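# Reading the structure
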Amino acid sequence: MKTQAVMAVALASTLAVANPVVAQDRAGWPDNFTVGTASQGGTYFAYGAGWANFVAENLGVSGGAEITGGPMQNMALVHTGDLKFGLTTMGPARESMDGNSPIAPGMKMDNVCAMFPMYETPFSVTALTSSGITSISDIPDGATIGFGPAGSTSDTYFPRMMETLGVNFERRNGSWSDLGTQLQDGLIDVIAFAAGIPIPAVSQLEVQTDVNIIGMTDAEAKKVVDNFPVSEFIIPANTYQSLEKESRVVSMWNFAMANCDVPESLVYEITKLTMENNERMVSIHKAAQFSIPENYTKNKVLPWHKGAARWFNENGYTIEQSKIK
């Protein structure tokens, strides 16, 4: 009997570890949730879909990803409560909070709270090797450039960057997968990607054809950094088969976000699960190697959700009360 009792206690302890939220306060938790991502073929969709499944499996709440137009639309959907969670980039987040979103001009989207850091979004250009385009300065006058979905991070900032660098172009929007097909078919000249690396659409392209993954010169990178809310970034050579050496570009940080009215206990458990299981997150997408607590300081735009802030503060990552909503 004593042995059985010990085994029962051990089993109970094991179950408590495997299912840490069983005894948690689940008041107000939704029966299901959806994460706003972006178009298929981009990192947001791969990362967001995998993360949603990971959360659903471990917290016992049905969840999944929704294809959207990207950060700007996600800000709007999360602000209004149409989606409880979403992924965004700091630049579009700032513009949306200030009421400068092209999706809803004048609407200050201030009911959006940060959950945890994701990764940096590098801005880089891809062209077919057969085009002869090996640098930004090689892009011919009037070239057709694919900038991703309308309202995406790339579509919001890359056209302005190109103009700053003196590139004259025709603008094309579409999902990353669709733009990849258009590039192969010769319907567009280059694609201006802004997504976490490796970008699924680029990896797929280089399997099917020869491509040039184009970075920026020191002077180009400096000019862009001086004019936009970005920092310099190096794409490692081993990111893509087509890269023979590292590539200098610029980047912008991404964060997962929640509607500020989502229950504190739910956001706490999601943040805890995500921040304490980086190896599992990396198995979802390599970009998640940067989804670590230490990068919480990269959020200089969004207020923190009280559930997320509680986890960070409990684990030695100080978030001041004035930054929590």
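Looking now at the overall build of the chain. Each helix and strand in the chain was counted, giving 11 helices and 10 strands. Projected onto the principal axes, the alpha-carbon positions of the chain cover approximately 80 × 45 × 30 Å. Among the 325 residues that make up the chain, the fraction classed as buried is 54%. In the chain, of all internal contacts separated by at least 6 residues, the share reaching a separation of at least 24 is 75%. Only carbon and sulfur atoms are counted for the fraction: they give 49% of the accessible area of the chain, which is about 14,100 Å². One way to put it: in the chain the 21 positive side-chain charges average out to a point 8 Å from where the 33 negative ones average out.

Confidence in the prediction of the chain, expressed as mean pLDDT, is 91, and 93% of residues score 70 or more. Within the model, pLDDT remains below 50 along residues 1–23, and this stretch shows 5 contacts once partners closer than five positions in the same chain are excluded.

Counting across every chain of the model gives 1 disulfide. Residue pairing for C113: its cysteine sulfur links by disulfide to C260, the two sulfurs lying 2.1 Å apart. Sign of the S-S torsion, about 105° for the bond between C113 and C260, identifies this disulfide as right-handed. Highlighted residues: C113 in strand β4 (residues 112–128) and C260 in the loop between β10 (247–259) and α9 (264–275), separated in sequence by 147 residues.

In this section: the packing of aromatic side chains. Evaluated as defined, the whole model comprises 15 aromatic pairs. Measuring from ring centre to ring centre gives 5.4 Å for F123 and F158, while their planes differ by 75°; the resulting arrangement is edge-to-face. Residue F123 is found in strand β4, and its partner F158 is found in helix α5 (residues 153–164); the two are separated by 35 residues along the sequence. Looking at F123, the relative accessible area reads 1%, which means it is buried. By relative accessible area, which is 1% here, F158 ends up buried. Centre to centre, the rings of F255 and W304 are 6.0 Å apart; their planes meet at 80°, and the pair counts as edge-to-face. Of the two residues, F255 sits in strand β10 while W304 sits in the loop between α10 (278–284) and α11 (306–314), which places them 49 residues apart along the sequence.

Looking at where S251 falls in the secondary structure, it is placed in strand β10. Through-space distance from the C-alpha of S251 to that of P122 is 4.0 Å; in sequence the pair is 129 residues apart. Residues within four places of S251 in sequence aside, it is in contact with E120, T121, P122, F123, V230, S231, E232 and F233.

Our next topic: the environment of A221. Its location among the elements puts A221 in helix α8 (residues 218–227). Sequence spacing of A221 and V249 is 28 residues, and the spatial spacing of their C-alpha atoms is 6.3 Å.

Let's shift gears to the packing of helix α2 (residues 43–59) against α9. Two elements in contact, α2 and α9, have axes whose closest approach is 11 Å; the angle formed by their N-to-C orientations is 110°. With respect to each other, α2 and α9 are oriented roughly perpendicular. In this structure, the crossing between α2 and α9 has a hand that is right-handed. In this structure, α2 uses W51, F54, V55, N58 and L59 to contact α9, whose residues at the interface are L266, E269, I270, L273 and T274. Class assignment of the residues belonging to the contact of α2 with α9 gives a composition of 7 nonpolar, 2 polar and 1 charged.

Before going further, it helps to spend a moment on α5. Between its terminal C-alpha atoms α5 stretches 17 Å, which fits the 16 Å expected from 12 residues at 1.5 Å a residue. With 9 of 12 residues buried, α5 is to be regarded as a mostly interior element. Buried within α5 we find T153, S154, D155, T156, Y157, F158, P159, M161 and M162. In the segment just after α5, G166 is the residue with positive phi, at about 85°.

What counts and how
Residues numbered from 1 in each chain as written. Predicted model: local features only at pLDDT ≥ 70, side-chain atom pairs only at ≥ 80, totals over all residues. Heavy atoms only, no water. Helix = DSSP H or I, 4+ residues; strand = E, 2+ residues; numbered from the N terminus. Buried < 20%, exposed > 50% of the residue type's maximum accessible area, 1.4 Å probe, protein only. Contact = heavy atoms within 4.5 Å. Areas by Shrake-Rupley, 256 points an atom, 1.4 Å probe, with all protein chains shown as cover. Lys, Arg positive; Asp, Glu negative; His and termini not counted. Charge placed at Lys NZ, Arg CZ, Asp CG, Glu CD. pLDDT = per-residue confidence, 0-100. Disulfide = S-S within 2.5 Å. Phe/Tyr/Trp six-rings, centres within 6.5 Å; stacked < 30°, edge-to-face > 60°. Axes fitted to C-alpha atoms, helices over the stretch in contact; angles between N-to-C directions. Parallel < 35°, antiparallel > 145°, perpendicular 65-115°, else oblique. Left-handed = near helix turned anticlockwise from the far one by under 90°. Nonpolar A, V, L, I, M, F, W, Y, C, P; charged D, E, K, R; others polar. Expected span 1.5 Å × (residues − 1).

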